[in-house]
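A look at the structure
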Amino acid sequence: MSTQEPSPYAYTPSPNPFQDVVRAQEKAVEQGKLLLVVLGAQWCHDSTGLAERFSTQEMDLILRAHYETVFVDVGTLEDRRKITERFAYPNYYATPTVMVVEPSSGALLNRTSMDIWGNADSIHLDDYLAYFSRYPAMTEMQKAQLISWKPTTEEVAYNKEQAARLQRAYDKLGPLLVEDLNGNTPEGLNALWKEAKTYRTELQKTLVKRAELTLGEKGDNGVNTKPALRHYNPFSWEQN
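In this report, the structure presented in the accompanying data block is examined. Here the structure is a predicted model, which is why all the values come from computation and not from measurement. Residue positions are given per chain, counted from 1 along the sequence in the order it is written. Only residues with pLDDT of at least 70 get local features here, since the model is predicted, and only at 80 or more are side-chain atom pairs given and counted; chain-wide, interface and lining totals rely on the full set of residues. The side-chain figures draw on all heavy atoms in the structure; neither hydrogens nor water molecules are used.

Focus on the nonpolar core
Put simply, the rule reads: We call a set of buried residues a nonpolar core when its members are Ala, Val, Leu, Ile, Met, Phe, Trp, Tyr or Cys and they connect through side-chain atoms within 4.5 Å of each other. For every residue, the accessible area (1.4 Å probe, protein chains only) is compared with the maximum for its type, and the residue is labelled buried under 20%, exposed over 50%, or partly exposed between those bounds. Only DSSP runs of H or I covering at least 4 residues are called helices, and only runs of E covering at least 2 are called strands; the numbering of each starts at the N terminus. Pairs of residues are marked as contacts when any of their non-hydrogen atoms sit within 4.5 Å.
Of all hydrophobic cores here, the largest spans 40 residues; its most connected members are Leu35, Val37, Leu39 and Met99. Taken together, the elements giving at least two residues each to this core come down to α1 (17–31), β1 (34–40), β2 (67–73), β3 (97–102), α7 (153–181) and α8 (189–214). Ranked by residues supplied to this core, first place goes to α7 with eight residues. Among all residues touching valine 37, those that are not within four sequence positions of it are Val21, Val70, Val72, Ile83, Phe87, Thr97, Val98 and Met99. With 30 residues, the next largest nonpolar core counts Leu34, Ala120, Trp149 and Ala211 among its residues.

Thoughts on the pairing of β2
Under the convention used in this document: Strands qualify as paired when DSSP identifies two bridges or more between them.
Counting buried residues along β2, seven of its seven residues qualify, which places the element largely inside the surrounding structure. With burial as the criterion, each face of β2 is covered, one bearing Tyr67, Thr69, Phe71 and Asp73 and the other bearing Glu68, Val70 and Val72. As paired elements, β1 and β2 share seven bridges and run parallel to each other. Bridge pairing in β2 places leucine 36 opposite threonine 69.

Let's talk about unusual backbone geometry
Residue proline 96 is bonded to the preceding threonine 95 through a cis peptide linkage, with omega at 0 degrees. Within the secondary structure, proline 96 sits in the loop between α4 (81–86) and β3. Of note, the phi angle at leucine 77 is positive, near 65 degrees, even though the residue is not glycine. Relative to the elements of secondary structure, leucine 77 occurs in the loop between β2 and α4. The backbone of alanine 88 shows a phi angle near 55 degrees, a positive value even though the residue is not glycine. What makes alanine 88 partly exposed here is its relative accessible area of 43%.

Observations concerning the packing of α7 against α8
Note the threshold: Every axis in this analysis is a line fitted to C-alpha atoms, fitted for helices over the stretch in contact. Angles between the N-to-C directions lie between 0 and 180 degrees. To sort the angles, those under 35 degrees are grouped as roughly parallel, those over 145 as roughly antiparallel, those from 65 to 115 as roughly perpendicular, and the leftovers as oblique. Rotating anticlockwise by less than a right angle from the far helix to the near helix defines a left-handed crossing, while the corresponding clockwise rotation defines a right-handed one. The nonpolar class holds Ala, Val, Leu, Ile, Met, Phe, Trp, Tyr, Cys and Pro. Asp, Glu, Lys and Arg form the charged class, and all remaining residues, Gly among them, are polar.
Running from N to C, α7 and α8 cross one another at 150 degrees; their axes reach a closest spacing of 10 Å. The pairing of α7 with α8 is recorded here as roughly antiparallel in orientation. Seen along the crossing, α7 lies across α8 with a hand that is left-handed. Mapping the contact onto sequence places Glu155, Tyr158, Asn159, Gln162, Arg165, Leu166, Ala169, Tyr170, Leu173, Leu176, Leu177 and Asp180 in α7 and Leu189, Leu192, Trp193, Ala196, Tyr199, Arg200, Leu203, Leu207 and Arg210 in α8. Residue composition of the contact of α7 with α8, by class: 14 nonpolar, two polar and five charged.

Some remarks on the layout of surface pockets
For clarity, the threshold we go by: Space inside and on the surface of the protein is sampled on a 1 Å grid over the protein atoms alone, with a cavity defined as a set of points where a 1.4 Å probe fits but cannot get out and a pocket as an open set with protein on both sides within 12 Å along at least 5 of 7 lines; lining residues have an atom within 4 Å of a point. Grid points are joined across faces, edges and corners, and a volume is the space filled by probe spheres set on the points.
Volume-wise, the largest pocket comes out at about 640 Å³. Here the lining of the largest pocket is composed, by residue class, of twelve nonpolar, seven polar and six charged.

Here's the deal with the packing of aromatic side chains
As a reminder of what qualifies: Whether two aromatic rings pair depends on their centres lying within 6.5 Å, for rings of Phe, Tyr and Trp, where Trp uses its six-membered ring; planes under 30 degrees apart make the pair stacked, over 60 edge-to-face, and the rest tilted.
Applying the stated criterion across every chain yields a total of 19 aromatic pairs. Residues phenylalanine 54 and tyrosine 128 carry aromatic rings whose centres are separated by 6.3 Å and whose planes lie at 85 degrees to one another, so their mutual orientation is edge-to-face. One end of the pair, phenylalanine 54, is in helix α2 (residues 45–54); the other, tyrosine 128, is in helix α5 (residues 125–134), and 74 residues separate them in sequence. Judged on exposure class, the residue phenylalanine 54 and its partner tyrosine 128 are both buried. The interplanar angle of 80 degrees and the centroid separation of 6.1 Å between the aromatic rings of tyrosine 67 and phenylalanine 132 together place this pair among those described as edge-to-face.

Encoded structure:
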């Protein structure tokens, strides 16, 4: 990568991140590549850890050959549902959120493994290479199953409701995060952050497991039973 060019793997604020994604999707279709959308933030060590792996020579070669990659800055937990919903995903549940997309259909190809990237900085480079080499090698039959995937009407309503509730949690945490990044950690931030993290982690786990089973993959115990669409107790700030 030329040292004269800015890295394409950086979370840079944009006046219209949605349009950035639309343009990248159109370009991916034109060039016959997959679309790779990464939502993250410079303050997040897993987000920057992923960007560092992407910047290695080995990963950069794979990404430039097979993907049109767009990094989306979520700022301090700003609303990016318009982007995730474009690919039938309710919200971002971690930073980074990594979306491998078949651009012509908008189908999300890595729906059943997106949760691993919340720990992106702990993943070995060899695993990055294997993961991002897998999707360009998919057959049309393998893609077709994912392209035809649809959530149930009940799942759509539930996911939308819970994604909106999660965004309200992000809206609550965002200003506190700004203070923390400016060197003044507000009282209660860590406790509220932990609440939101537990909630978003459980939501994503349910999304992944239900998608796995819809696509015919059995769980670790060999039982093909979908987890319930559970309802959660109010957050502490909702009670107060």
